[in-house]
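# Chain and residue survey
These are the residues of each chain, in order.
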Amino acid sequence: MDKKAKSILFKTYWSSQGWKREYETDPVDFEYAKSKGLMFDPISLSMKEVKSSLKSLLNRIEKEKITNGFLSSLSNKRLDWRSALASYFNAKLILEGKREFYRAEIFKYENEDLNVLNFERIKWSGVRHSDLLYNYLDLKLFEQESVSKPTELDIQTFKDILKTINDSENGEYPGKLRDRLKDVMKGSKNERHTLMEILGCCEILEPKSYDRPTTGRHDWAFVEYWRGEDKFNKKIVDEYFGQYLK
């Protein structure tokens, strides 16, 4: 990833105080970042076009590459690689009619800013995994990557993550699991939060019930109703990661 282009992208949206109020990019810098594949012109696509593109991407990208990207990200910190697992899973379920698209009223994306989506993708592993436009951008860029094989450390880290989930106590809320994960993986609270959301999007952290109280104010999306007794979905873990867990 070109460091200068990445810096231009980040400085467009982020400062030491957090999100900027206004997003501006010097035209010369924008053209540079665009030439490196990190920034883009606004895009307009019909929902039919988005779904058609996603179908092609799902057919072209091998599941093993998705798995390798996620596992490798645990040590190389390519958080954009980590995001692809959620986008792959979400797009697949929606296209198969097994998950409802939460923005079903959208018939066309008009002049959408892909740059903010790519910024979120690189900085946090994405935050809009349920959005088909994000899935489209995420998988389109991921397809171009040469993804490395996971290391023994990556595999062990994932095993430790699963064990930490499996050791969860009855009634334990997502925030408690997020705190305990700091003992088995390096990264900030935000990184652990998004990793859990990715696992939730993939139904690895799957709530067994949605008739549960929540903590009021929170920013969970997929794992809001997960509790410690739910553990993890072994069937999906085996499907995506089984070859590394033997």
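Residues numbered from 1 in each chain as written. Predicted model: local features only at pLDDT ≥ 70, side-chain atom pairs only at ≥ 80, totals over all residues. Heavy atoms only, no water.

The next subject is helix H5 (residues 79–95). Counted at 1.5 Å a residue, the expected span for H5 with its 17 residues is 24 Å, and the 25 Å between its end C-alpha atoms agrees. Of all 17 residues in H5, 15 are buried, a share of seventy percent or more. Once H5 ends, the next one or two residues include Gly 97, with phi positive near 75°. (Helix = DSSP H or I, 4+ residues; strand = E, 2+ residues; numbered from the N terminus. Expected span 1.5 Å × (residues − 1). Buried < 20%, exposed > 50% of the residue type's maximum accessible area, 1.4 Å probe, protein only.)

All chains considered together, the criterion is met by 20 salt bridges. One salt bridge in this structure joins Arg 78 and Asp 80, with 2.7 Å as the shortest N-O distance. A salt bridge links Arg 82 to Glu 191; its shortest N-O distance comes to 3.0 Å. In this pair, Arg 82 is assigned in helix H5 and Glu 191 in helix H10 (residues 189–201), connecting sequence segments 109 residues apart. Of the two residues, Arg 82 and Glu 191, both sit in the buried class. Sharing partners across several salt bridges, the network here consists of Arg 78, Asp 80, Arg 121, Asp 138 and Glu 145. (Salt bridge = Lys/Arg side-chain N within 4 Å of Asp/Glu carboxyl O.)

Here helix H3 (residues 47–60) contains 14 residues, and its C-alpha end-to-end distance of 20 Å stays within 8% of the 20 Å for a straight helix at 1.5 Å per residue. When we look at burial in H3, the residues that qualify are Met 47, Val 50, Leu 54, Leu 57 and Leu 58. The buried side chains of H3 occupy one side of the element, clustering within an arc of 100° when seen end-on. Exposed and oriented more than 90 degrees from the buried face of H3 are Lys 48, Lys 55 and Asn 59. Taken together, the buried residues of H3 touch strand S3 (43–46), H5, strand S4 (108–112) and helix H7 (132–143). (Arc of directions from axis to C-beta. Contact = heavy atoms within 4.5 Å.)

Where H5 meets H10, the axes come as close as 8 Å, and the angle between the chain directions of the two elements is 25°. Accordingly, the angle class assigned to the pair H5 and H10 is roughly parallel. The handedness of the crossing between H5 and H10 comes out as left-handed. Here Leu 79, Arg 82, Ser 83, Leu 85, Ala 86, Phe 89 and Asn 90 of H5 come into contact with H10, specifically with Glu 191, Leu 195, Ile 198 and Cys 201. Residues that form the contact of H5 with H10 fall into these classes: 7 nonpolar, 2 polar and 2 charged. (Axes fitted to C-alpha atoms, helices over the stretch in contact; angles between N-to-C directions. Parallel < 35°, antiparallel > 145°, perpendicular 65-115°, else oblique. Left-handed = near helix turned anticlockwise from the far one by under 90°. Nonpolar A, V, L, I, M, F, W, Y, C, P; charged D, E, K, R; others polar.)

Okay, unusual backbone geometry next. Positive phi is not limited to glycine here, since Ser 125 has a value of about 75°. Checked against the element boundaries, Ser 125 lands in the loop between helix H6 (114–124) and H7. Of note in this structure, Lys 231 is not a glycine but carries a positive phi near 50°. Secondary-structure assignment places Lys 231 in the loop between H10 and helix H11 (234–241). Taking the relative accessible area as the measure of exposure, Lys 231 reaches 22% and is therefore partly exposed.

With respect to the helices, strands and loops of the structure, Lys 77 is situated in the loop between helix H4 (63–76) and H5. Of the residues examined, Lys 77 reaches a relative accessible area of 33% and is grouped as partly exposed. Excluding anything up to four places from it in sequence, Lys 77 contacts Arg 82, Lys 186, Gly 187 and Glu 191.

We now examine the state of the cysteines. Taken as a whole, this structure holds 0 disulfides when the rule is applied. The closest cysteine sulfur to the non-disulfide-bonded Cys 201 is located on Cys 202, 5.3 Å from its own sulfur. The class for Cys 202 is buried, based on a relative accessible area of 1%. (Disulfide = S-S within 2.5 Å.)

Quick look at the nonpolar core now. The biggest cluster of nonpolar side chains holds 72 residues, and the ones touching the most others in it are Phe 70, Leu 139 and Phe 241. With 9 residues, H5 is the single largest residue contributor to this core. In contact with Leu 139, not counting residues within four places along its chain, are Leu 54, Leu 57, Leu 58, Ile 61, Ile 66, Ala 84, Ser 87 and Tyr 88. (Core = buried A, V, L, I, M, F, W, Y, C linked by side-chain atoms within 4.5 Å.)

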